[in-house]
Amino acid sequence: MQEHATITLLANCGVLIRRGNVRILVDGLYSDRNHPFSLVPPALKNSLMAGEKPIGEINYVMFTHGHPDHFGIRATSQFLAANKVRGLLMPTDNSEPWMANRTRMMREWLDEHPQPVHYLDLPQGAAQNLKLEPGVEVTVFNSGHQGAHLKHNSNYVLLLRLD
């Protein structure tokens, strides 16, 4: 019998996907300031940041886009400094100066703290398939952000295949 994947909502858009020994965190390391969205409860965030139960070791960290309610430089760099991951999917978005600055700061941190990273820089409407390891694939598709005032921002749909 094949094992099913489980998806756990952490808060806002942050989810943890588990199947077998693979744990994927999507949009779960974001800023706790300057947005009205729900935050990961403190006890859960502490266990996430420490790689402890109930969450445990995270193998892949993925982000759909760089807005502060999906991605935080401080949370991501703190997590990666304390936890070894097999891969990071990091969108790059230079559509607005503040987004370009966030992209630059994260790239600089990653240059100083090397991680296995896949930078996502696809034009809107384009897709790419990434084989992360045997049995773990993700197809990324830049759909553009919802909302007329944000349509020029990148937003990646992540289609995961976990065999």
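Coordinates for the structure precede this section.
Residues numbered from 1 in each chain as written. Predicted model: local features only at pLDDT ≥ 70, side-chain atom pairs only at ≥ 80, totals over all residues. Heavy atoms only, no water.

Engineer: Describe the overall build of the chain, with residues and values.
Structural biologist: Secondary structure summary: the chain contains three helices and nine strands in total. What you see in the chain, going N to C, is helices and strands ordered as β-β-β-α-β-α-β-α-β-β-β-β. Relative to the 2.2 N^0.38 estimate, which gives 15 Å for 163 residues, the radius of gyration of the chain is 15 Å and therefore close to what a compact globule would have. Projected onto its principal axes, the C-alpha positions of the chain cover 45 × 30 × 30 Å. Taken across its 163 residues, the chain has 48% of its residues classed as buried. A fraction of 57% describes how many contacts in the chain between residues 6 or more apart in sequence connect residues 24 or more apart. Put simply, the chain shows about 8,700 Å² of open surface, and 54% of that area lies on carbon and sulfur atoms. Where the 15 positive side-chain charges of the chain centre and where its 15 negative ones centre are 3 Å apart. (Helix = DSSP H or I, 4+ residues; strand = E, 2+ residues; numbered from the N terminus. Rg over C-alpha atoms; globule rule 2.2 N^0.38 Å. Buried < 20%, exposed > 50% of the residue type's maximum accessible area, 1.4 Å probe, protein only. Contact = heavy atoms within 4.5 Å. Areas by Shrake-Rupley, 256 points an atom, 1.4 Å probe, with all protein chains shown as cover. Lys, Arg positive; Asp, Glu negative; His and termini not counted. Charge placed at Lys NZ, Arg CZ, Asp CG, Glu CD.)

Engineer: So what's going on with the pattern of salt bridges? Residues and values would help.
Structural biologist: Evaluated as defined, the whole model comprises three salt bridges. Here Glu 133 makes a salt bridge to Arg 86, at a shortest N to O gap of 2.8 Å. Taken as a pair, Glu 133 in strand β7 (residues 127-133) and Arg 86 in the loop between α2 (73-82) and β5 (87-91) lie far apart in primary sequence, 47 residues in all. Exposure remark for Arg 86: the relative accessible area of 40% places this residue in the partly exposed category. (Salt bridge = Lys/Arg side-chain N within 4 Å of Asp/Glu carboxyl O.)

Engineer: Describe the sheet that holds β5, with residues and values.
Structural biologist: If you trace the six strands from one edge of the open sheet to the other, you get β1-β2-β3-β4-β5-β6, paired in mixed fashion. Because the sheet does not close on itself, it has two edges, and the strands there are β1 (6-11) and β6 (117-120). Taken pair by pair, the neighbouring strands of this sheet meet at an average axis angle of 15°, ignoring direction. By the bridge criterion, three bridges tie strand β3 (residues 22-26) to strand β4 (residues 60-62) in an arrangement that is parallel. (Pairing = 2+ DSSP bridges. Axes fitted to C-alpha atoms, helices over the stretch in contact; angles between N-to-C directions.)

Engineer: Lay out the side chain of Asn 12 with the relevant residues and their values.
Structural biologist: Counting through the fold element by element, Asn 12 comes out in the loop between β1 and β2 (14-19). With a relative accessible area of 18%, Asn 12 lands in the buried category. Side-chain polar atoms of Asn 12 contact the backbone oxygen of Asp 69, separated by 2.6 Å. In this view, Asn 12 contacts Tyr 30, Phe 37, Ser 38 and Asp 69; residues no more than four positions away in its chain are not counted. (Polar contact = N/O pair within 3.5 Å; in protein donor to acceptor, adjacent residues only side chain to side chain.)

Engineer: Tell me about the packing of aromatic side chains, and name the residues and values.
Structural biologist: Taken as a whole and judged by the stated rule, the model has one aromatic pair. Consider the rings of Phe 63 and Phe 71, whose centres lie 5.0 Å apart with planes at 75°: the pair is edge-to-face. The same class applies to Phe 63 and to Phe 71, which are both buried. Its end group placed over the ring of Tyr 119, Arg 107 keeps NZ or CZ at 3.8 Å from the ring centre. (Phe/Tyr/Trp six-rings, centres within 6.5 Å; stacked < 30°, edge-to-face > 60°. Lys NZ or Arg CZ within 6 Å of the ring centre and 35° of its normal.)

Engineer: Could you give an account of the pairing of β1, with specific residues and numbers?
Structural biologist: As paired strands, β1 and β2 are joined by five bridges and run antiparallel to one another. When the sheet's bridge partners are listed, Thr 8 is paired in β2 with Leu 16.

Engineer: Please give an account of unusual backbone geometry that cites residues and values.
Structural biologist: A cis amide bond links Lys 53 to the next residue, Pro 54, at an omega of 15°. Tracing the sequence through the fold places Pro 54 in the loop between α1 (42-50) and β4. Phi is positive for Asp 27, close to 55°, though the residue is something other than glycine. Following the sequence through the fold, Asp 27 ends up in the loop between β3 and α1. Accessibility expressed as a relative area gives 2% for Asp 27, which makes it buried.

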